[in-house]
Amino acid sequence: VNEASARKIVRERADGRCEACCSSRDLEWSHRIARGRGGLWAPTNGLLLCRRDHAWAHAHPNHARALGWHVLTGDDPAAIPVWMQSIQFAWTAWFRLDDEGLVTWLTDDNEPEHLPEGMPRVSEAFA
Ligand SMILES: [Zn+2]
């Protein structure tokens with residue numbers, strides 16, 4: 001998978017909306033493993049985030065890791081669940097990603113223990 005196809009797959013996966021807050025404005029690719037740490041251009045390694053949520057993730061790396069938005073160097077992003085909204089499920093939950101752009105819903109009854117301050121609630125975005 002190259003950058004262009006990874007971007008296309010993730011944009012389609014997200015239906016052109018931020019995978020945190022559903023905004024369709026100022027969207028950016030966010031690497032789960034940064035390129036500088038060996039992260040690949042692969043749909044499992046990317047989230048489509050709005051500029052605000054992307055900046056939030058960089059400003060709150062521990063929270064971002066707890067949500068699966070950031071993945072430790074050497075871990076497999078396909079194996080690490082992500083707390084995100086999925087347009088395919090119209091739902092915020094833990095999902096696992098694959099490189100074809102599919103998302104697997106893991107569970108909806110297991111929110112992160114402490115939703116970080118400032119993190120958008122997708123349920124509100126859909127309300
Ligand atoms: Zn957002």
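In this numbering scheme, every chain counts its residues from 1 along its sequence in written order. Only residues with pLDDT of at least 70 are given local features in this predicted model, and only at 80 or more are side-chain atom pairs given and counted; all residues enter the totals for whole chains, interfaces and linings. Hydrogens and water are ignored here; the side-chain numbers use all heavy atoms of the structure.

Caption draft 1: How the structure looks around a nonpolar patch on the surface. Residues enter a patch when their relative accessible area is above 30% and they make no salt bridge; the linking distance is 9 Å between like charges and 5 Å between nonpolar side chains (Val, Leu, Ile, Met, Phe, Trp, Tyr). The protein chains shown are the only cover counted for residues, whose accessible areas, like all others here, come from Shrake-Rupley with a 1.4 Å probe. Any carboxyl oxygen of Asp or Glu within 4 Å of a side-chain nitrogen of Lys or Arg constitutes a salt bridge here. On the surface, Phe89, Trp91 and Trp105 cluster together into a nonpolar patch covering about 300 Å² of accessible area. Helix and strand labels come from DSSP, where a helix needs a run of H or I of at least four residues and a strand needs a run of E of at least two; each type is numbered from the N terminus. Relative to the elements of secondary structure, Phe89 occurs in the loop between strand E3 (82–86) and strand E4 (91–97).

Caption draft 2: Region of interest: the sheet that holds E3. Across the sheet, 3 strands lie side by side as E3-E4-E5; this open sheet has antiparallel pairing. The outermost strands of the open sheet, each flanked by one partner alone, are E3 and strand E5 (103–107). Taking the axes of each pair of neighbouring strands and ignoring which way they run, one obtains an average angle of 60° across the sheet. When DSSP finds at least two bridges between two strands, those strands are taken to pair. Where E4 and E5 come together, 4 bridges link them in antiparallel fashion. Bridge pairing links Arg96 to Thr104 in E5. A fitted line through C-alpha atoms serves as each axis, taken over the contacting stretch for helices, and the angle formed by two N-to-C directions is quoted from 0 to 180°.

Caption draft 3: Structural detail: the side chain of Asn45. On the secondary structure map, Asn45 appears in the loop between strand E1 (27–31) and strand E2 (46–50). Partly exposed describes any residue whose relative accessible area lies between the buried limit of under 20% and the exposed limit of over 50%, with all areas from a 1.4 Å probe on protein chains only and scaled to the type maximum. Judged by its relative accessible area of 2%, Asn45 falls in the buried class. Here Leu40 takes part through its backbone oxygen, which lies 2.9 Å from a polar atom of the side chain of Asn45. Not counting chain neighbours up to four residues away, the residues in contact with Asn45 comprise Trp29, Ser30, His31, Arg32, Ile33, Gly39, Leu40 and Pro77. The definition of a polar contact used here is a pair of N or O atoms within 3.5 Å, where within protein one atom must be able to donate a hydrogen and the other to accept one, and adjacent residues in sequence count solely through side-chain atom pairs. We call two residues in contact whenever any of their non-hydrogen atoms come within 4.5 Å of each other.

Caption draft 4: Layout of the side chain of Thr44. Its location among the elements puts Thr44 in the loop between E1 and E2. Residue Thr44 is classed as buried on the basis of its relative accessible area, which comes to 6%. Not counting the four nearest positions on each side in its chain, Thr44 is found in contact with Arg32, Pro77, Ala78, Leu97, Asp98 and Asp99.

Caption draft 5: Just the coordination of the zinc ion, in detail. Around the zinc ion, the protein contributes the donor atoms Cys18 (SG), Cys21 (SG), Cys50 (SG) and Asp53 (OD), which lie 1.9 to 2.3 Å from the metal centre. Sites may look incomplete because water is not among the atoms; the donors themselves are N, O and S atoms within 2.8 Å of the metal, or within 3.2 Å for Na, K and Ca. Labels for metal geometry use angle windows, namely 85 to 135 degrees for all angles of a four-donor tetrahedral site, and for square planar (four donors) or octahedral (six donors) sites opposite donors over 155 degrees apart plus all others within 65 to 115; sites meeting none of these are irregular. Coordination at the zinc ion is tetrahedral: its 4 donor atoms span angles of 103 to 117° at the metal. On the primary sequence, the residues serving as donors to the zinc ion are separated as C-x2-C-x28-C-x2-D. Here Asp53 lies in helix H2 (residues 51–59) and Cys21 lies in the loop between helix H1 (3–13) and E1, a separation of 32 residues in the sequence. The residues Cys21 and Asp53 share a single accessibility class, namely buried.

Caption draft 6: Here's a closer look at the nonpolar core. Formed by 26 residues in total, the largest nonpolar core has its most connected members in Cys18, Leu47, Leu49, Trp69, Val82, Met84 and Leu97. Val82 has contacts with Arg32, Leu47, Leu67, Gly68, Trp69, Ala93, Trp94, Phe95 and Leu97, leaving out every residue within four places of it along the chain. Only buried Ala, Val, Leu, Ile, Met, Phe, Trp, Tyr and Cys residues count toward a nonpolar core, and they belong to the same one when joined by side-chain atoms within 4.5 Å.

Caption draft 7: Inspection of the environment of Ala64 at higher detail. For Ala64, the location among the structural elements is in helix H3 (residues 61–66). A relative accessible area of 0% means that Ala64 is categorised as buried. In the structure, Ala64 is positioned 10 residues away from His54 in sequence and 9.7 Å away in space, judged by C-alpha atoms.

Caption draft 8: Local environment of the pairing of E4. Here E4 lies mainly inside the structure; 5 of its 7 residues are buried. With 5 bridges connecting them, E3 and E4 associate as antiparallel partners. From the neighbouring strand, Val82 faces E4, where its bridge partner is Phe95. In textbook terms, the turn of a hairpin is the stretch between consecutive antiparallel strands, and for E3 and E4 this stretch comprises 4 residues, one of which, Ala90, has a positive phi near 50°.

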